[in-house]
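A structural walkthrough
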Amino acid sequence: VIRDLIFLHEERGQAWAPVMINLLLEAKGAVDAAKLAGERMLADTMIDLIERAYDRVVGMGFAENPDVEPTGPPKRGKRKRTPELNLLIRFRKYKREHLLFIHDFDVPFDNNGAERTFRPEKTRQKISGTTRAENSAEEICAIRSYIATAVRNGVSAYDAIRLAVRGKPFVPAAG
């Protein structure tokens, strides 16, 4: 999301985009500070403040990019919208998901960890152009995800694979 906002500000001149970037980074800072203080959640007043600011910035974006009805004869299919408007619609529709990290400290601010897990497979697909079997990419991603989860929980990749081969795969503890 931050990458999209930077593009909209630098390439499309959107004034609301840097405001949203700052809001999201300040919210991340509040979560990080609360974690350092040993807290398990943000105060309800802080969550409410962040959510209201989020709504205001999305409103700024819609004011800057009104969704106007096209003129002329109606066309079939879904109406084409600008990248700015598409992102704003996603911000409005997925507000809860975008701000989940302020409600649940176990949810990371970004998805960089997940992207790193699958980057080698995507690179291999780009180089070779395809995977051999129809579902092999899904299987490779499932294996990589399993290993990454085990490693994040202190189990070596070797031990995780050994457990899986023995029919007793590693399962992280709930909570």
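Residues numbered from 1 in each chain as written. Predicted model: local features only at pLDDT ≥ 70, side-chain atom pairs only at ≥ 80, totals over all residues. Heavy atoms only, no water.

1. What about the pattern of salt bridges?
Under the counting rule described, the total for this entry stands at six salt bridges. Across the pair arginine 52 and aspartate 48 runs a salt bridge, and its minimum N-O distance is 2.4 Å. Linking arginine 52 with aspartate 48, this pair stays in helix α3 (residues 44-64), spanning four residues, or about one helical turn. For arginine 52, a relative accessible area of 43% corresponds to the partly exposed category. (Salt bridge = Lys/Arg side-chain N within 4 Å of Asp/Glu carboxyl O. Helix = DSSP H or I, 4+ residues; strand = E, 2+ residues; numbered from the N terminus. Buried < 20%, exposed > 50% of the residue type's maximum accessible area, 1.4 Å probe, protein only.)

2. Here we look at the packing of helix α1 (residues 2-12) against helix α4 (residues 83-93)
Their axes nearest at 11 Å, the elements α1 and α4 cross at an angle of 150°. It follows that α1 is roughly antiparallel to α4 by the angle criterion. Of the two possible hands of crossing, α1 and α4 adopt the one that is left-handed. Counted together, Asp4, Leu5, Leu8 and Arg12 of α1 and Pro83, Glu84, Leu87, Arg90 and Phe91 of α4 form the full contact between these two elements. Grouping the constituent residues of the contact of α1 with α4 by class yields five nonpolar, no polar and four charged. (Axes fitted to C-alpha atoms, helices over the stretch in contact; angles between N-to-C directions. Parallel < 35°, antiparallel > 145°, perpendicular 65-115°, else oblique. Left-handed = near helix turned anticlockwise from the far one by under 90°. Contact = heavy atoms within 4.5 Å. Nonpolar A, V, L, I, M, F, W, Y, C, P; charged D, E, K, R; others polar.)

3. Quick word on the side chain of asparagine 65
For asparagine 65, the location among the structural elements is in the loop between α3 and α4. The residues touching asparagine 65, leaving out its near neighbours within four places in the chain, are Gln14, Trp16, Glu84, Leu85 and Leu88.

4. Looking at the environment of arginine 96
Relative to the assigned elements, arginine 96 resides in helix α5 (residues 95-98). For the pair arginine 96 and glutamate 51, spaced 45 residues apart in the sequence, the C-alpha separation amounts to 9.2 Å. A distance of 3.4 Å separates the side chain of arginine 96 from the side chain of histidine 103, its partner in a polar contact. (Polar contact = N/O pair within 3.5 Å; in protein donor to acceptor, adjacent residues only side chain to side chain.)

5. What to know about the nonpolar core
If you look at the biggest cluster of nonpolar residues, it comprises 28 residues, and the most contacted ones within it are Leu5, Trp16, Met20, Leu42, Phe91 and Ile102. For this core, the secondary structure elements donating two or more residues are α1, α2 (16-36), α3, α4 and α6 (100-103). For tryptophan 16, the residues in contact, after removing those within four places along its chain, are Leu5, Leu8, Val57, Met60, Gly61, Glu64, Asn65, Glu84, Leu87, Leu88 and Phe91. Counting residues in hydrophobic clusters, the runner-up holds five residues, among them Tyr146, Ala150, Ala160 and Phe170. (Core = buried A, V, L, I, M, F, W, Y, C linked by side-chain atoms within 4.5 Å.)

Nothing here speaks to function; it is all geometry.
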